[in-house]
Amino acid sequence: MLKNAMQWLTLASVGPEMAAKQFQELRSQVPLLYALLSVNALALGYTHYEASPVWMSLLVPGALAAIGGLRAIAWLRYDPDSFDHAAIIHLLRRTAALGCILSAAYIVWSLRLTVFGGPDERAHVAMFVGITVIGCIFCLSHLPQGAVLVASFTTIPYLLFYLLASGNTVYIAIALNIFLVTLVVMRVLMNGFSAFAKLVQSQSETARLNREVTLLAHTDMLTGLPNRRLFFSDLRQMMAARDAASAPLSLGVIDLDRFKAANDTYGHLVGDQILAQVGARLTEEFAGWGSVARLGGDEFAFILEADGESAIALMTGVCQRLAEPYLTDGVTISIGASCGIATTTGMKLDASTLYERADYALYTSKSSRRGLPTLYSEAHEAAVRSERAVEAALQAADLDRELTIHLQPVVNARTHALSAVEVLARWTSPTLGPISPAVFVPVAERTGIVHRLTVKLFDMALAAAADLPDTTAVCFNLSAHDLTSPGTILSLISALRNSEIAPSRIVFELTETAMLRDFEAAREALGVLSALGAQIAIDDFGTGHASLSYLRELPIGRVKIDRSFVSGEKALERRDLLGAVIAMCRSLGLPCVAEGVETEEQMAFLREAGCDALQGYLIARPMPAAALRDWMKAPRAVAAA
Ligand code: C2E
Ligand code: CA
Ligand code: CA
């Protein structure tokens, strides 16, 4: 009890928010308190001027008023920003203590005055004590400790003085009256103060909740990392605060390789565990270097106060770390990470340009440098510029006039009879000239034109098929985008149904990467197409990362071995591999086609290794349908070989 009272009196358990609020309120009230004390003291001195000695009526109240005035000025000049919690508590304690000392001084002085004056003057003293106490209590309503001490140090001595020393019943009654009124006023003050305390508490609770909500809105729940919103708002702020002389800044975008396949195969729970572990590894790797965030899905990003070379050096290690196996419930999973980095060195860029550059570099990593970081370079800049030109020309293109197809024969490896033709898109822009499909198809995918393009090309392919013998298959390339677009798949199906062409003559060619981009969507789309009777071939086999057994979950009927194994720069070194791939296809009962056959020697090897069909410049280049008709009629030297 006593301990609690002491704790309360010494403000030992007052929290920072409460103390700050009390201080704020007292700053406007304490100067008034000192003003009230000083005026009242001078007034009391004035009424006792005749009756008492000068030091009693002038010097003492003058000194008390001077002390009060100095304190009031000190309070008015306090700068709240320069007070921390400890300083505020110290000041509040000092205010309460000074309250005691001044009250004691005032009461001793005023009781001493009663000796000199007559009944009128004593009445003034009584009134002085009464109104001054009540006034002080009100001014100290935000420091109840001070109010209690001031009230006790004045009303109790005053009451005791009359009870013990005077015997004058009127003044005893007045003193009792003052004492009781003070008690009531104190009670009211305490009620008011506890309402004030509750308000402060609820305000600080609201502020805390607010902070928590903001934090939640800025945090990715799975990894605990900052989320996309926070990342971009930080990035924008950092970029806006920069000038040409600022230290270089590197922005990196990280994308996990093979994560979607792992997620599809093992389920979302395992996928979530992998992402959480990736988050933990990234937090560790970037501790002390820079900030890292999860942008969504399997995409992460970081900001480093470093130049491109340092960022690449750091990220090379981070990519290796991310490629280490992940231990999840029961399964160990290996995935990788690719990264694109863009830096501000010597350039004034805005946040979105910097991000676009990092994203472009990431795209390059994904397509040709998997598992490694790539720095956005001059060459990328040039490529982007020409892609922009292609994009603009494609947006403005009159596809009916500018788009055509070429057909490239695929022949039986043993008999050399024409077994199929591959349909290859050709676009000649009136402004840019002929553009390779390897350039404009990705641009069409990014800009959403690809649906229109694919449907138009497929119509041309069907028209070409109608002019070819029933025994000749027609191979048609689909992009990843086509596969995940139900609208495109439906358009292809209805075009095929409305044609005279037997669906079994159509072979849809798709790369492994396209199939893996969204495995579930691929399974669905390919299921529908093969149910219709069309065939599915894996194009560019050997350049992706999927195992054939995994792809066997899809209705795949053929394999097209990538031309880098047949005629690429490293083709000779990869001969063993080429033989092994052909053997594997045979063992799985999948017919295999070799593309890019350019020399007799390559053809001989392929035939020897057991490849089923051949395609390449040695047999024929891609050509318009009319030229193909002539080619078919002409006796072919190669066919006799
Ligand atoms: P792809 O599907 O691998 O097509 C084969 C590419 O190899 C064609 O290039 C063809 O002209 C070329 N080629 C054929 N024989 C040889 C050879 O002996 N040596 C060499 N070095 N190259 C040979 P093209 O026509 O430039 O097409 C490039 C890529 O563009 C295609 O690769 C395909 O992925 C894509 N593409 C072409 N047409 C279409 C289309 O209609 N739709 C979609 N989505 N993609 C298409
Ligand atoms: Ca192809
Ligand atoms: Ca190919």
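In short, a report on the structure.

About the cut-offs
Residues numbered from 1 in each chain as written. Chains lettered and ligands numbered in written order. Predicted model: local features only at pLDDT ≥ 70, side-chain atom pairs only at ≥ 80, totals over all residues. Heavy atoms only, no water. Helix = DSSP H or I, 4+ residues; strand = E, 2+ residues; numbered from the N terminus. Expected span 1.5 Å × (residues − 1). Buried < 20%, exposed > 50% of the residue type's maximum accessible area, 1.4 Å probe, protein only. Contact = heavy atoms within 4.5 Å. Pairing = 2+ DSSP bridges. Axes fitted to C-alpha atoms, helices over the stretch in contact; angles between N-to-C directions. Near = heavy atom within 4 Å. Polar contact = N/O pair within 3.5 Å; in protein donor to acceptor, adjacent residues only side chain to side chain. Areas by Shrake-Rupley, 256 points an atom, 1.4 Å probe, with all protein chains shown as cover. Salt bridge = Lys/Arg side-chain N within 4 Å of Asp/Glu carboxyl O. Donors = N, O, S within 2.8 Å, 3.2 Å for Na, K, Ca; no water. Core = buried A, V, L, I, M, F, W, Y, C linked by side-chain atoms within 4.5 Å. Arc of directions from axis to C-beta.

## Description of helix α5 (residues 119–139)
Phase 1: In this model α5 runs 30 Å from its N-terminal to its C-terminal C-alpha over 21 residues, within 8% of the 30 Å that 1.5 Å per residue would give.
Phase 2: Inspection of α5 places His124, Val125, Ala126, Phe128, Val129, Gly130, Thr132, Val133, Gly135, Cys136, Ile137 and Cys139 among the buried residues, and these make up the whole buried set.
Phase 3: Where α5 is buried, its residues touch α2 (16–47), α4 (85–113), α6 (144–166) and α7 (169–217).

## Details of the pairing of strand β1 (residues 250–257)
Phase 1: Burial of β1 is extensive: eight of the eight residues sit out of reach of the surface.
Phase 2: Taking every second residue as pointing to the same face, both faces of β1 are buried, with Ser250, Gly252, Ile254 and Leu256 on one and Leu251, Val253, Asp255 and Asp257 on the other.
Phase 3: Pairing between β1 and strand β3 (residues 299–304): six bridges, direction antiparallel. Bridge pairing links valine 253 to alanine 301 in β3.
Phase 4: Sheet topology note: the β1/strand β6 (residues 336–343) ladder contains eight bridges and is antiparallel. Note on β6: the bridge partner recorded for aspartate 257 is glycine 336.

## Comments concerning the environment of threonine 10
Phase 1: Examined against the element boundaries, threonine 10 turns out to sit in the loop between α1 (2–9) and α2.
Phase 2: By relative accessible area, threonine 10 is classed as partly exposed at 30%.
Phase 3: On a C-alpha basis, the gap between threonine 10 and alanine 531 in space is 85 Å, while along the polypeptide they are 521 residues apart.

## Observations concerning the sheet that holds β1
In a beta sheet, neighbouring strands are held together by backbone hydrogen bonds and run either parallel or antiparallel to one another.
Phase 1: Strand order in the open sheet formed by five strands is β2-β3-β1-β6-β7, with mixed pairing between adjacent strands. Since the sheet does not close on itself, it has two edges, and those belong to β2 (290–296) and β7 (373–375), each with one partner. Neighbour to neighbour, the strand axes of the sheet diverge by 20° on average, direction disregarded.
Phase 2: As paired elements, β2 and β3 share six bridges and run antiparallel to each other. For glycine 290, the partnering residue across the bridge sits in β3 and is leucine 304.
Phase 3: Packed on one face of the sheet, helix α11 (residues 308–323) meets β1, β3, β6 and β7 and runs near 165° to β6.

## Topic: the site of ligand 1
Phase 1: The environment of ligand 1 is formed by 23 residues, the closest being Arg426, Asp539, Arg563, Glu598 and Tyr617.
Phase 2: Alanine 425 has a polar backbone atom sitting 3.0 Å from a nitrogen atom of ligand 1.
Phase 3: Between ligand 1 and the protein, one listed contact pairs an oxygen atom with a side-chain N or O atom of arginine 426 at 2.9 Å.
Phase 4: Within the complex, 84% of the 790 Å² of free accessible area of ligand 1 lies under protein.

## What about the pattern of salt bridges?
Pairs can form between side chains of opposite charge whenever their charged atoms are close.
Phase 1: Counted under the stated rule, the structure contains 23 salt bridges.
Phase 2: With a closest N to O distance of 3.4 Å, glutamate 284 and arginine 321 form a salt bridge. One end of the pair, glutamate 284, is in helix α10 (residues 268–286); the other, arginine 321, is in helix α11, and 37 residues separate them in sequence.
Phase 3: Glutamate 284 sits in the exposed class, given a relative accessible area of 53%.

## Looking at the coordination of the calcium ion (ligand 2)
Phase 1: Those protein atoms acting as donors to the calcium ion (ligand 2) are Glu422 (OE), Asn477 (OD1), Glu509 (OE) and Asp539 (OD), and they sit at 2.1 to 2.3 Å.
Phase 2: In this model, the calcium ion (ligand 2) sits 3.9 Å from the calcium ion (ligand 3), the two metals being bridged by aspartate 539. One end of the pair, asparagine 477, is in strand β11 (residues 473–477); the other, aspartate 539, is in strand β13 (residues 535–541), and 62 residues separate them in sequence.
Phase 3: A relative accessible area of 27% places asparagine 477 in the partly exposed class.

## Let's talk about the nonpolar core
Phase 1: Counting residues in hydrophobic clusters, the biggest one holds 80 residues, and the most contacted among them are Trp427, Phe458, Ile506, Phe508, Met515, Leu606 and Leu614.
Phase 2: If one sorts the elements of this core by residue count, helix α16 (residues 450–466) sits on top with eight residues.
Phase 3: Setting aside residues no more than four positions away along its own chain, leucine 606 makes contact with Val566, Leu578, Ile582, Ala594, Val597, Cys611 and Leu614.

## As for α16
Phase 1: Taking 1.5 Å as the rise per residue, α16 with 17 residues should run 24 Å; its terminal C-alpha atoms sit 24 Å apart, in good agreement.
Phase 2: Inspection of α16 places Val450, Leu453, Thr454, Leu457, Phe458, Ala461, Leu462, Ala464 and Ala465 among the buried residues, and these make up the whole buried set. Considered in projection along α16, the buried side chains sweep an arc of 165° and stay on one side of the axis.

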